[in-house]
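# A closer look at the structure
Listed below are the residues making up each chain.
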Amino acid sequence: HVDPEVIQVLLNALRDEDSRVRMSAAMALGILGSAGPDVIQALLNALRDEDSEVRGGVAAALGNLGRAGSDVVQALLNALRDKDLAVIWRAATALGDLGCADTNVIQALQNTLKGKFSMVIGSIVLYYDRNCIYLALQRLVDIKLREGNVTLSSDKDKIVLPVNVAEIKDTNDQ
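Computed from a predicted structure; not experimentally measured. (Residues numbered from 1 in each chain as written. Predicted model: local features only at pLDDT ≥ 70, side-chain atom pairs only at ≥ 80, totals over all residues. Heavy atoms only, no water.)

### A short note on the overall build of the protein
Counting its secondary structure elements, the protein contains nine helices and zero strands. Along its sequence from the N terminus, the protein presents helices and strands in the succession α-α-α-α-α-α-α-α-α. A total of 174 residues make up the protein; the buried ones form 45% of that total. For the protein, contacts bridging at least 24 residues in sequence account for 62% of all contacts bridging at least 6. Surface summary for the protein: the accessible area is close to 9500 Å², and the carbon and sulfur share equals 50%. (Helix = DSSP H or I, 4+ residues; strand = E, 2+ residues; numbered from the N terminus. Buried < 20%, exposed > 50% of the residue type's maximum accessible area, 1.4 Å probe, protein only. Contact = heavy atoms within 4.5 Å. Areas by Shrake-Rupley, 256 points an atom, 1.4 Å probe, with all protein chains shown as cover.)

Next up, the structure:
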């Protein structure tokens, strides 16, 4: 159990004028794991911060909290359209960490790969960002396969990834 006074100090720090303080507060809240409604709402608000490092830290914190409510998932989906690539990969990673294996989430991650990233291949940093999204997609597809919610042979439900989905299925069957 985390002392409520500590949480309150961190919530106040999310509104500090120094972006480094705001980012550190978000990361600390994610590490502490206190996912009360006030913490979630403050982080959702901070996901709209003017500073991209703060937004990225908030996305990571939301992934660390492990609470995949519809409000959190929607905010992270919106963050996939951020103008800063670091925010995008942190949001993608958070969605993977939360295990949001909803078809809409998987589709949004696929669209993210097809969008911004396909135009800027060649940078090592962006290559890493692409791998984070691939890993998030792999986690989510793995969950869907374990649940039996994906029919790989149907065009309607087919999930096209830059990995061999059949290999993921074979791994789960063992």
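### Digging into the side chain of Asp 82
Topologically, Asp 82 is positioned in the loop between α5 (70–79) and α6 (85–98). There is a polar contact of 2.7 Å between the side chain of Asp 82 and the side chain of Arg 55. Here the side chain of Asp 82 touches Asp 84 through a polar contact of 2.7 Å, landing on its backbone nitrogen. (Polar contact = N/O pair within 3.5 Å; in protein donor to acceptor, adjacent residues only side chain to side chain.)

### Focus: the packing of helix α2 (residues 19–32) against helix α4 (residues 52–65)
At a minimum axis separation of 7 Å, α2 and α4 run at an interaxial angle of 10 degrees. On the basis of the axis angle, α2 is roughly parallel to α4. Where α2 abuts α4, its residues Ser 19, Arg 22, Met 23, Ala 26, Met 27, Leu 29 and Gly 30 lie against Glu 53, Val 54, Gly 57, Val 58, Ala 60, Ala 61, Asn 64 and Leu 65. When grouped by side-chain class, the residues that make up the contact of α2 with α4 number nine nonpolar, four polar and two charged. (Axes fitted to C-alpha atoms, helices over the stretch in contact; angles between N-to-C directions. Parallel < 35°, antiparallel > 145°, perpendicular 65-115°, else oblique. Nonpolar A, V, L, I, M, F, W, Y, C, P; charged D, E, K, R; others polar.)

### Here's the deal with the environment of Ala 13
Among the secondary structure elements, Ala 13 is positioned in helix α1 (residues 4–13). Distance from Ala 13 to Ala 26, taken between C-alpha atoms, is 8.5 Å for residues 13 residues apart in sequence. Other than its neighbours up to four places away in sequence, Ala 13 contacts Val 21, Arg 22 and Ala 25.

### Concerning the pattern of salt bridges
One pass over the full model with this rule turns up four salt bridges. Across the pair Arg 20 and Asp 18 runs a salt bridge, and its minimum N-O distance is 3.0 Å. Looking at Arg 20, the relative accessible area reads 59%, which means it is exposed. (Salt bridge = Lys/Arg side-chain N within 4 Å of Asp/Glu carboxyl O.)

### Digging into the side chain of Arg 22
Mapped onto the fold, Arg 22 is located in helix α2. Polar side-chain contacts of Arg 22 include one of 2.8 Å to the backbone oxygen of Asp 16. Excluding residues within four positions of it along the chain, Arg 22 makes contact with Ala 13, Leu 14, Arg 15, Asp 16, Glu 17, Asp 49, Glu 50, Asp 51 and Val 54.

### Details of the confidence of the model for the protein
Put simply, the protein has an average pLDDT of 76, and 66% of its residues get 70 or more. Averaged pLDDT values for the elements of the protein fall to 37 in helix α9 (residues 165–173) and rise to 96 in helix α3 (residues 37–46). Segment residues 117–129 is flagged for pLDDT under 50; beyond a separation of four residues in sequence, or across chains, it makes 15 contacts in the model. Note that residues 150–174 has pLDDT below 50 and, in this model, 31 contacts with residues that lie over four places away or in other chains. (pLDDT = per-residue confidence, 0-100.)

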